[in-house]
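Residue strings, one per chain:
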Amino acid sequence: MPSQLFDADVLIIGAGPSGLALATELDLRGHSCILVERNERTGVQPRAKTTNVRSMTQMRRWGLAPEVRRLSPLTDGFPRDVTFTTGLFEPPIFTFHDAFCAEPDRRDAFPENAEFIPQYVVEGILAEHVRSRPLCDLRFRTRMTSFTQDETGVTATVTQPDGTERELRARYMAAADGGRSKVREALGYSMQGQRDLMTFATLILRIRGLNDAPGLTRALFHWIVNPEATCNMGPMDKDDLWFWIKPAAPDTPVESLLAEVRLAIGRDFPIEVMTRDNWVVNSLMADQYRKGRVFLLGDACHLHSPFGGHGMNLGIGDAVDLGWKLSASLEGWGSETLLDSYNTERRQVHAAVIESSTRNFASLSDQFADPRLMQKGPEADAVRTATAEAVERLKSPEFRSLGLVLGYRYTDSPAIVAEPGDEPELLVSDYRPSARPGHLLPHAWLADGRSLYDRLGRGYTLLCLTGGAETGALVDQAAARAIPLEVLVLDDPTLPALMGAGMVLVRPDQHVAWRGDSLPSDSRLLDAMQGKPVAA
């Protein structure tokens, strides 16, 4: 079918963070998209509050990191801490400093620290960016009601704001329509795992004067272990907004919840309830993420505990992986097995995150609550010491999770030239950079002060770290296959040891496709770049 008969390259269902991130990635790569969102604007519920270091690196790549920093509600010098305490004005029992690597310090392991910012603000930033791009068409109050697909594209029927219906045709469709995904249901896929593990209530509160009250311990999150008021709470946004979270039945009266809020604060402040959100913890993954020209991403294909702050970030990662592979197919150099590798690769990450976040969910505030914590004396001191040890042991994977955030890896993928030997263990709280194929390229700051990541091309990048390599043949062969490939020669004596090789082939998503000290004489690198299965 001629290209002019398509309304867009990709039709995206759902304009939450995953759908908006996919549109941003596609636009970066020069492809058109239409996003349809049934609501009249981006989300307003609190949901995620942590944009982790990996997502902030994507924001940097998209040119959006400065805007995220600007709109964060945190002031300069605000401690990026998580405290466990019996009350907001009581001394902490234990504190996780620099939780989520959110302190604005330069680190070798990544170019951007995590940021604390409500998900609805991140969605707004992405939506405004997408709306400003000529290749993107964002349509609110538009609902996809049905779709069909054939060998060349997908045709979807949508209901427009005025109630009329029209058809939209795209080469591919991506469903980011949430945990109750209608597209997933239409594809015949279901979610497998554990459902309805626990019901929580979230209150968004305006508490005038609390942020500036003398004696308040400032932190991102306060885990209250007062036996009469166990909960999580903390500053949410500007204008004195706070969040409060606790397991509770949906029909629990707000006044009952507010009584516990007041106990957790421990002092009298005027409290205004802005919104209430009841939600359920699940641990689920879809059967598959692709059928033909239709793909699932974000909550449409995985649901898990929010403890650990991985939800929105995992969806952004889905968008980046799917985005560059759709781009490769649209440009004609990506194979069908490269598209299939989206399912292969992302399921591995989802499984690791679901396992970790489910373990995090097993230890809530009430597990650490002991009436003796409210007392004074030698026995109370001993209980505080034991509680602090338990908190650090059980909750470190939640707040010190760089090993999972950056150490995840892809295996058994056609888009990787695998190395022999066993994969190193994935340690949630211990990040050990590795340039083994499938892993995220280890980050480094170059001698000129720039991030190594900023030097990578939008397609593949071949890093030459020891000089003298003859790369012309590979560049010519890649060009003959229309594969975007840049060669980056770097004279930095620290890089060969960091990468474990003199040459590294980096994918468009900053993951390593291959490494070695000399280029193979066969076509394995070219085949891997196109996602064609190759021998190890």
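Anything mentioned here points back to the structure above.
Residues numbered from 1 in each chain as written. Predicted model: local features only at pLDDT ≥ 70, side-chain atom pairs only at ≥ 80, totals over all residues. Heavy atoms only, no water.

**Examining the overall build of the chain**
Basically, it comes down to this: Secondary structure follows DSSP: runs of H or I at least 4 residues long count as helices, runs of E at least 2 residues long count as strands, and numbering of each begins at the N terminus. Throughout, radius of gyration means the C-alpha value; the globule benchmark is 2.2 Å times the number of residues raised to the power 0.38. Three exposure classes are used, based on accessible area relative to the maximum for each residue type with a 1.4 Å probe and protein chains only: buried under 20%, partly exposed in between, and exposed over 50%. Where accessible areas are quoted, they stem from the Shrake-Rupley method and a 1.4 Å probe; at the residue level, only the protein chains shown are allowed to cover. For this count, His and the chain ends are skipped, Lys and Arg are scored as positive, and Asp and Glu as negative. Here the site of a charge means NZ on Lys, CZ on Arg, CG on Asp, or CD on Glu.
Along the chain, the regular secondary structure elements total 14 helices and 22 strands. Against the compact-globule benchmark of 24 Å for 536 residues, the chain has a radius of gyration of 24 Å, which places it among compact chains. Overall, the chain is about 75 × 65 × 40 Å in size when its C-alpha atoms are taken along their principal axes. Within the span of the chain, comprising 536 residues, buried residues form 58% of the whole. Roughly 21,600 Å² of accessible area belongs to the chain as shown, and the carbon and sulfur atoms make up 48% of that amount. For the chain, the distance from the average site of its 57 positive side-chain charges to the average site of its 71 negative ones is 2 Å.

**What to know about the sheet that holds strand S11 (residues 191-207)**
Rules: Pairs of strands are assigned from DSSP output, requiring at least two bridges between the strands. Residue contacts are counted whenever heavy atoms from the two residues lie within 4.5 Å of one another. Whenever a helix is involved, its axis is fitted only over the stretch in contact; in every case the axis is a line through C-alpha atoms, and angles between N-to-C directions fall within 0 to 180 degrees.
Ordered by their spatial adjacency, 8 strands build an open sheet running S5-S4-S12-S13-S14-S11-S15-S18, and the pairing between neighbours is mixed. Taken across any chain shown, the strands that pair with only one partner, and hence form the sheet edges, are strand S5 (94-96) and strand S18 (302-303). When S11 meets strand S15 (residues 271-286), the two strands line up antiparallel, connected through 14 bridges. Paired with Gly193 across the bridge in S15 is Leu284. Strands in contact with helix H10 (residues 378-399) are strand S4 (82-85), S5 and strand S12 (221-224); relative to S5, the strand with the most contacts, it is inclined by about 20 degrees.

**Observations regarding the packing of helix H1 (residues 17-28) against helix H7 (residues 311-330)**
Heads up, the condition is: Handedness of a helix crossing follows the sense of rotation of the near helix relative to the far helix, less than a right angle counterclockwise being left-handed and clockwise being right-handed. Residues are grouped as follows: Ala, Val, Leu, Ile, Met, Phe, Trp, Tyr, Cys and Pro are nonpolar; Asp, Glu, Lys and Arg are charged; all remaining types, including Gly, are polar.
Interhelical geometry of H1 versus H7 gives an angle of 30 degrees and a closest axis separation of 8 Å. Note on packing geometry: the crossing formed by H1 with H7 is right-handed. Across the interface between the two elements, Pro17, Ser18, Ala21, Leu22, Glu25 and Leu26 from H1 touch Met312, Gly315, Ile316, Ala319, Val320, Leu322, Gly323, Trp324 and Leu326 from H7. Tallied by class, the residues present in the contact of H1 with H7 amount to 11 nonpolar, 3 polar and 1 charged.

**So, the pattern of salt bridges**
Working definition: two side chains of opposite charge can pair if their charged atoms are close together. Here is the rule we go by: Whenever a carboxyl oxygen of Asp or Glu lies within 4 Å of a side-chain nitrogen of Lys or Arg, that contact is scored as a salt bridge.
In the structure shown here, the tally under the stated rule is 39 salt bridges. Residue Arg436 pairs with Glu423 through a salt bridge whose shortest N-O separation is 2.9 Å. Placement of Arg436 in the loop between helix H11 (402-407) and strand S19 (460-464) and of Glu423 in the loop between H11 and S19 is noted, with a sequence separation of 13 residues between them. For Glu423, a relative accessible area of 29% puts it in the partly exposed group. Connected through shared salt-bridge partners, Arg60, Arg69, Glu112, Glu115 and Asp454 make up one network.

**Things to note about the nonpolar core**
Rules: What is meant by a nonpolar core is a set of buried Ala, Val, Leu, Ile, Met, Phe, Trp, Tyr and Cys residues, joined one to another through side-chain atoms within 4.5 Å.
One finds Met59 and Val183 to be the most contacted residues of the largest nonpolar core, which totals 68 residues. Ignoring anything within four residues of it in the chain, the contact list for Met59 reads Leu64, Ala65, Val68, Val122, Leu126 and Ile316. Listed in part, the 58 residues of the second largest apolar core include Cys101, Trp223, Leu441 and Leu488.

**Looking at the pairing of strand S14 (residues 241-247)**
Counted residue by residue, S14 has 6 buried out of 7 residues, so it is predominantly covered. Relative to S14, S11 is paired through 7 bridges, and the arrangement is antiparallel. Paired with Ala201 across the bridge in S14 is Lys246. Sheet topology note: the strand S13 (residues 231-237)/S14 ladder contains 5 bridges and is antiparallel. From the neighbouring strand, Asp237 faces S14, where its bridge partner is Leu241. Between S13 and the antiparallel strand that follows it, S14, lie 3 residues; Asp239 among them carries a positive phi value of about 65 degrees.

**Regarding the environment of Ala201**
Examined against the element boundaries, Ala201 turns out to sit in strand S11. A relative accessible area of 0% means that Ala201 is categorised as buried. Sequence separation of Ala201 and Val254 is 53 residues, and the distance between their C-alpha atoms is 9.6 Å. The contacts of Ala201, once residues within four sequence positions are left out, are Trp244, Ile245, Lys246, Ala248, Leu257, Arg276, Asp277, Asn278 and Trp279.

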